[in-house]
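# Per-entry structural report
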Amino acid sequence: MTRPIIVFDLDGTLVDTAPDLLDSLNHSLAASELAAVDEAGFKRYVGHGGRVMIERAHAAQRRSLAVEEHDRLLKLFLDHYTDNIPGKSRPYPGVVEAIARFEKAGYLLAVCTNKYEANSVALIEALGLAKHFSAIAGQDTFAFRKPDPRHLTETIRLAGGDPHGALMVGDSQTDIDTAKAAGIPVVAVDFGYTERHVREFEPSAVISHFDALTLDLAERLIAAAEG
Ligand SMILES: O=C(O)COP(=O)(O)O
Ligand SMILES: [Mg+2]
C-alpha cells in the first residue's frame, strides 16, 4: 500500500514568515514611494505570492502599476527576501515534533505553497527541515497553483503519495478551497495569515497548536474522506 501523506502549506502554517515577508514587501514598495504596509494589510495581501502582494498593496493605495514597474518591484522583493533567508522566520511551536511523529509512523511529508519554489526550498533548508520532505512544490513548480487542486494532487504524486491517502494542513481559505476541490480532507491552523477566522471556510478540523495534529486525527480524517 502507498504510504499516507501529509501536505503542508508553508507561510503561516509551518513557518512564521510574516516579519520577513513584510520587510521585503515594504522594501520593494518604498522604491515606488508607496506607504509601508502594516500587519493587518499583510494578512489581506498574502496568499498568492509576491507578485500579488505587490499588486494588492498598489490597489489599496489607489496606485496604478505598469507591467515593467511590477516586474522591477517583484525583483526587488525577491532579491531582498532571498538575501535575508531565514531572517526572523521560525517553525511554529510543535512543528518539529509533529514532523517526527508522522515520519516515525511511516507518513510521507510534502509542502505545497504559493511562494516561489526556490525561496521555499532555501527557507526549509536554512531551517534544517528539508530532509523530511519528499516534495516541495511552489507556485512556479507546475503550470497551476493553489487554489487549483492540481497543485495539491501533483505535489502528492511528486512525493510518491496517493491523493486517496492524503491530508492537507493550511492556514488560509486558499488552502481549504484547494483541498476541498481535490476531495482531500484539510486541517486548518488558526494562527496563520487570514483576515477572517479559518472556521468560516469550513475545514475538516481546526487546530490551535501542532500538538493537536495527532496520528489519530490524521487517520480519522483520511479514513472518513475515503468513506
Ligand atoms: O507567500 C504567499 O503569498 C503564500 O504562501 P503559502 O501558500 O505558503 O501560504
Ligand atoms: Mg499560508
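Residues numbered from 1 in each chain as written. Chains lettered and ligands numbered in written order. Predicted model: local features only at pLDDT ≥ 70, side-chain atom pairs only at ≥ 80, totals over all residues. Heavy atoms only, no water.

Going by the annotation in an unreviewed UniProt entry, the name recorded for the chain is Phosphoglycolate phosphatase, with Mesorhizobium amorphae CCNWGS0123 given as the source organism. Its UniProt record gives the chain the following Pathway (unreviewed entry) comment, quoted word for word: "Organic acid metabolism; glycolate biosynthesis; glycolate from 2-phosphoglycolate: step 1/1." Quoted verbatim from the Catalytic activity (unreviewed entry) field of UniProt, the annotation for the chain is "2-phosphoglycolate + H2O = glycolate + phosphate". (UniProt positions renumbered as here; feature names shortened; annotations may be inferred.)

### Things to note about the sheet that holds strand β6 (residues 166-170)
With parallel pairing, 6 strands are arranged side by side in an open sheet as β5-β4-β1-β6-β7-β8. Each end of this open sheet is capped by a strand with a single partner; those strands are β5 (135-137) and β8 (205-207). Strand-to-strand, the axes of this sheet are offset by a mean angle of 20°, without reference to chain direction. Bridging between strand β1 (residues 5-8) and strand β4 (residues 108-112) involves 4 bridges; their strand directions are parallel. Bridge pairing links V7 to A110 in β4. (Pairing = 2+ DSSP bridges. Helix = DSSP H or I, 4+ residues; strand = E, 2+ residues; numbered from the N terminus. Axes fitted to C-alpha atoms, helices over the stretch in contact; angles between N-to-C directions.)

### Here's the deal with the pattern of salt bridges
Scanning the model with the defined rule gives 12 salt bridges in all. Where K146 meets D175, a salt bridge forms, and the shortest distance between an N and an O atom there is 2.8 Å. Residue K146 is located in the loop between β5 and α7 (149-158), and its partner D175 is located in helix α8 (residues 173-182); the two are separated by 29 residues in the primary sequence. Taking relative accessible area as the criterion, K146 reaches 1% and is therefore assigned buried. Within the structure, one salt-bridge network assembled from shared partners comprises D9, K146 and D175. (Salt bridge = Lys/Arg side-chain N within 4 Å of Asp/Glu carboxyl O. Buried < 20%, exposed > 50% of the residue type's maximum accessible area, 1.4 Å probe, protein only.)

### Some remarks on helix α9 (residues 215-226)
Here α9 spans 17 Å end to end across 12 residues, near enough to the 16 Å set by a 1.5 Å rise per residue. Residues of α9 that are buried: L217, A218, L221 and I222. Looking straight down α9, one finds that the buried residues subtend no more than 125° of arc, so they occupy a single side. The outward face of α9, more than 90 degrees from its buried face, is lined by the exposed residues R220, A223 and A224. At its buried positions, α9 is contacted by β1, α5 (95-104), β6, β7 (186-189) and β8. (Expected span 1.5 Å × (residues − 1). Arc of directions from axis to C-beta. Contact = heavy atoms within 4.5 Å.)

### Some points on the UniProt feature "binding site: Mg(2+)" (unreviewed entry) in the chain
Mapped onto this numbering, the UniProt entry gives "binding site: Mg(2+)" (unreviewed entry) at D9, D11 and D171. Their sequence span is 163 residues, while the largest C-alpha to C-alpha distance among them is just 8.2 Å; these annotated residues converge on one region. For D9, the position within the fold is in the loop between β1 and β2 (15-16). Once you skip the residues sitting within four places of it in the chain, D9 turns out to touch L14, C112, T113, K146, M168, V169, G170, D171 and D175. Side chain to side chain, D9 and T13 meet in a polar contact 2.7 Å long. Note that D171 resides in the loop between β6 and α8. The exposure class assigned to D171 is buried, which follows from its relative accessible area of 3%. (Polar contact = N/O pair within 3.5 Å; in protein donor to acceptor, adjacent residues only side chain to side chain.)

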